[in-house]
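# What the coordinates show
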Amino acid sequence: MTDVRTIEVEAVTKRFGAVAAVNSLSFQVAPGRVTGFLGPNGAGKTTTLRMLLGLVRPTEGRATFGGVAYADLDSPLRTVGAALEAASFHPGRSARNHLAILATASRIPRARIDATLDLVGLSEFADRRVGGYSLGMRQRLGLASALLGDPGVLVLDEPINGLDPEGIKWIRSLLRALAGEGRTVLVSSHLLSEVQQSVDDVIIIARGELVHEGTLSSLSAGDSLSVLVDAPDRAALAAALSAAGFTVTAARAGLVVVGVEAEEVGRAAFAAGVPLSTLHRQSSGLEETFLHLVGGDR
Ligand SMILES: Nc1ncnc2c1ncn2[C@@H]1O[C@H](COP(=O)(O)OP(=O)(O)OP(=O)(O)O)[C@@H](O)[C@H]1O
């Protein structure tokens, strides 16, 4: 039997008039892992999550929980917890009040209210009006709403946005703990660096299309090694390196040679009798690989 905790997005397309916000997108998200859903602003992340949660109807394809559409789930809040970006809470109500309304509507035991407030660190502020909450506190309340039904799947849109450094550290360990309990945790972000420390897997989209799907370490496999080298006589250095068979690109700080170790470049320059002023190895970080994948010269 298919596990409802597995998110399945199958050839989903969403067009808004002539604009394809999401184009033939397919991926799966497995339980027991934290998965980052990444892409630059406007890539189609929110639209995809909204289709998954039955808030937007796909033009083509389907997005389900183990084959079951959100609208067909027996008890949605107990199966899937979601916190979407622009979550709006009635400013006059307290956090406790918000959760109580949700609990009543979904027949969730009231004991879950205090347990969830405690889990997201809002107990102290539970009876204050949400209107006076900071963005970080509203994020915590969004998370509390998602966790209230003790669901096996969590879908969180930019949950780190608005949190202070301590809050970021806290949410990272919470996400890990939730996945450790066997839940499916899907977290969107437009920055890889924001979620890098908490995700096992990544799904990267750009312009509505999938550009990479795999483990976080599968991303670093795409890292390219390069060497930055320079000489007082840059033209002589370029000629020597080209003659030695290297592919050389001119940069502001010197010449960049891709796919080789610094030692090989140094040896070629030495053999040609060209004194160097700069020689160092540079490895592109994950964020650069990510930006490259999404075509990011932002
Ligand atoms: N209701 C709508 N009507 C028309 N166009 C829309 C609508 N919703 C989204 N779009 C467009 O679809 C594209 C994808 O938007 P979406 O909000 O899904 O991206 P995103 O990856 O979540 O970006 P962000 O990180 O900025 O939230 C954008 O070009 C956006 O302008």
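Residues numbered from 1 in each chain as written. Predicted model: local features only at pLDDT ≥ 70, side-chain atom pairs only at ≥ 80, totals over all residues. Heavy atoms only, no water.

For the structure on display, the rule yields 12 salt bridges. Of the charged contacts in the structure, one is a salt bridge between Arg5 and Asp3, with a shortest N-O distance of 2.8 Å. Note that Asp201 and Arg33 form a salt bridge whose closest N and O atoms lie 2.6 Å from each other. Taken together, the residues span a long stretch of sequence, with Asp201 in strand β8 (residues 201-206) and Arg33 in the loop between β2 (19-29) and β3 (34-38) at a distance of 168 residues. Given the relative accessible area of 30%, Arg33 is considered partly exposed. A cluster of three or more residues bridged by salt bridges with shared partners is formed by Arg96, Asp114 and Asp127. (Salt bridge = Lys/Arg side-chain N within 4 Å of Asp/Glu carboxyl O. Helix = DSSP H or I, 4+ residues; strand = E, 2+ residues; numbered from the N terminus. Buried < 20%, exposed > 50% of the residue type's maximum accessible area, 1.4 Å probe, protein only.)

Below, the discussion takes up the sheet that holds strand β1 (residues 7-16). With respect to topology, 3 strands assemble into an open sheet ordered β2-β1-β4, the strand pairing being antiparallel. Either end of the sheet is taken by a strand with one partner, and the two such strands are β2 and β4 (60-65). The average angle at which neighbouring strand axes cross in this sheet is 20°, direction not considered. Where β1 lies against β2, 7 bridges are found, and the strand directions are antiparallel. Residue pairing in the sheet places Lys14 in a bridge with Val22 of β2. (Pairing = 2+ DSSP bridges. Axes fitted to C-alpha atoms, helices over the stretch in contact; angles between N-to-C directions.)

Turning to the nonpolar core, a few remarks are in order. By size, the foremost hydrophobic cluster in this structure holds 46 residues, and its most contacted members are Leu122, Tyr133, Leu141, Leu192 and Val202. Looking at which element gives the most residues to this core, the answer is helix α5 (residues 135-147), with 6 residues. Every residue in contact with Leu141, bar those within four places of it in the chain, is listed here: Phe89, Ala95, His98, Leu99, Leu122, Val130 and Tyr133. Core analysis: the second largest hydrophobic core is formed by 26 residues, Ile7, Val9, Val155 and Ile203 among them. (Core = buried A, V, L, I, M, F, W, Y, C linked by side-chain atoms within 4.5 Å. Contact = heavy atoms within 4.5 Å.)

Before going further, it helps to examine the side chain of Glu8. Its location among the elements puts Glu8 in strand β1. The buried charged residue Glu8 lacks any salt bridge partner; its closest oppositely charged side chain belongs to Arg62, at an N-O distance of 5.6 Å. Not counting chain neighbours up to four residues away, the residues in contact with Glu8 comprise Thr2, Phe27, Gln28, Arg62, Ala63, Thr64, Gly66 and Gly67. (Lys, Arg positive; Asp, Glu negative; His and termini not counted.)

Further remarks concern the domain arrangement of the chain. By domain assignment, the chain separates into domain 1 (7-220) and domain 2 (225-293). Centre-to-centre separation of domain 1 and domain 2, based on C-alpha positions: 44 Å. Taken together, the contact pairs 13 residues of domain 1 with 5 residues of domain 2. Roughly 770 Å² is buried in total at the junction of domain 1 and domain 2, and carbon and sulfur atoms are behind 74% of that figure. Considering only the side of domain 1, the residues that lose the most area to domain 2 are Leu192, Val211 and Leu219, jointly responsible for 46% of the buried surface there. (Domains from an automatic or database assignment. Buried area = accessible area lost by both parts, 1.4 Å probe.)

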